[in-house]
Amino acid sequence: MTLADFNEIEPIYNSHFDDFWSSQNLKAELENKSYKCIVAKQNSEIVGFASIWFSVDDAHITNIVVHKAYRHNGIGKLLLEKLIELSKVKSSLTLEVNTKNEIAQDMYLKYGFRNLGIRKNYYDGKEDAYIMTLYFNK
């Protein structure tokens with residue numbers, strides 16, 4: 001994602017995407033060298049994006065977000081596959097997923113992620129998250 005991409009989605013960020021972060025948090029992350037954000041486009045329109053942080057030996061998915069009108073079309077899977085590809089230079093890839101989001105959990109399990117634990121009150125201090133990790137063979 002470039003700043004031009006960000007400028008395209010900012011006006012609809014909270015209405016057409018889930019508001020995991022404020023748009024200003026997303027913009028600040030784009031300037032972090034340890035962070036990478038990718039976009040999915042359909043007919044030149046951004047229909048989804050995903051982001052990842054890289055640390056010394058692992059990577060961490062921070063977002064996989066699909067435009068509400070384009071969900072259930074495989075866009076999330078394509079974004080996840082690209083993040084996995086980008087992360088294979090590290091030893092593992094970790095994420096948090098809402099314990100109520102069974103669709104996302106099933107997708108992660110199909111790609112080999114393991115449920116390693118739970119973060120209590122992770123989302124807005126109210127909802128729990130599973131910690132899931134995919135290990136790469138080195």
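Report on the accompanying structure. Keep in mind the model is a prediction, meaning the values are calculated, not measured. (Residues numbered from 1 in each chain as written. Predicted model: local features only at pLDDT ≥ 70, side-chain atom pairs only at ≥ 80, totals over all residues. Heavy atoms only, no water.)

Points about the side chain of Ser-92
Alright, step 1. One can find Ser-92 in strand E4 (residues 92-98).
Alright, step 2. Classification of Ser-92 by relative accessible area gives buried; the value is 7%.
Alright, step 3. Residues contacting Ser-92, with those up to four places away along its chain left out, are Asp-57, Asp-58, Ala-59, Thr-133, Leu-134, Tyr-135 and Phe-136. (Helix = DSSP H or I, 4+ residues; strand = E, 2+ residues; numbered from the N terminus. Buried < 20%, exposed > 50% of the residue type's maximum accessible area, 1.4 Å probe, protein only. Contact = heavy atoms within 4.5 Å.)

A few points about the pattern of salt bridges
Alright, step 1. Taken as a whole, this structure holds four salt bridges when the rule is applied.
Alright, step 2. A salt bridge links Asp-5 to Lys-41; the shortest N-O distance between them is 3.4 Å. Residue Asp-5 is located in helix H1 (residues 3-9), and its partner Lys-41 is located in strand E1 (residues 35-42); the two are separated by 36 residues in the primary sequence.
Alright, step 3. Assessed through its relative accessible area of 11%, Asp-5 is described here as buried.
Alright, step 4. Overall, Lys-41 belongs to the partly exposed group, its relative accessible area being 48%.
Alright, step 5. Between Arg-119 and Glu-96 there is a salt bridge, with its nearest N and O atoms 2.9 Å apart. With a gap of 23 residues between them, Arg-119 in strand E5 (residues 114-123) and Glu-96 in strand E4 connect regions that are remote in the sequence. (Salt bridge = Lys/Arg side-chain N within 4 Å of Asp/Glu carboxyl O.)

Some thoughts on the environment of Val-39
Alright, step 1. Along the chain, the position of Val-39 falls in strand E1.
Alright, step 2. Residue classification places Val-39 among the partly exposed positions, given a relative accessible area of 24%.
Alright, step 3. Considering only alpha carbons, one finds Val-39 and Asp-5, 34 residues apart in sequence, at a separation of 8.1 Å.
Alright, step 4. When sequence neighbours within four positions are dropped, the list of residues in contact with Val-39 reads Met-1, Asp-5, Ile-46, Gly-48, Phe-49 and Leu-79.

Here's the deal with helix H3 (residues 23-30)
Alright, step 1. Among the residues of H3, those classed as buried are Ser-23, Leu-26, Glu-29 and Leu-30. The buried residues of H3 occupy an angular sector of 120° when the element is viewed end-on, so they sit on one face. (Arc of directions from axis to C-beta.)

A look at the side chain of His-60
Alright, step 1. In this structure, His-60 sits in strand E3 (residues 58-66).
Alright, step 2. Exposure remark for His-60: the relative accessible area of 19% places this residue in the buried category.
Alright, step 3. A polar contact is formed between the side chain of His-60 and the side chain of Glu-96, at a distance of 2.8 Å.
Alright, step 4. If we skip the residues at most four places from it in the chain, His-60 touches Ser-51, Ile-52, Trp-53, Leu-93, Thr-94, Leu-95 and Glu-96. (Polar contact = N/O pair within 3.5 Å; in protein donor to acceptor, adjacent residues only side chain to side chain.)

Regarding the pairing of strand E6 (residues 127-135)
Alright, step 1. One ladder, built from seven bridges, connects E4 with E6; its direction is antiparallel. Counted as the bridge partner of Asn-98 is Ala-129 from E6.
Alright, step 2. Bridge count for E5 against E6 is six bridges, and the pairing is antiparallel. Residue Arg-114 lies in a different strand from E6, and its bridge partner there is Thr-133.
Alright, step 3. The antiparallel pairing of E5 with E6 creates a hairpin that spans three residues between the two strands, and Asp-124 there sits at a positive phi of about 55°. (Pairing = 2+ DSSP bridges.)

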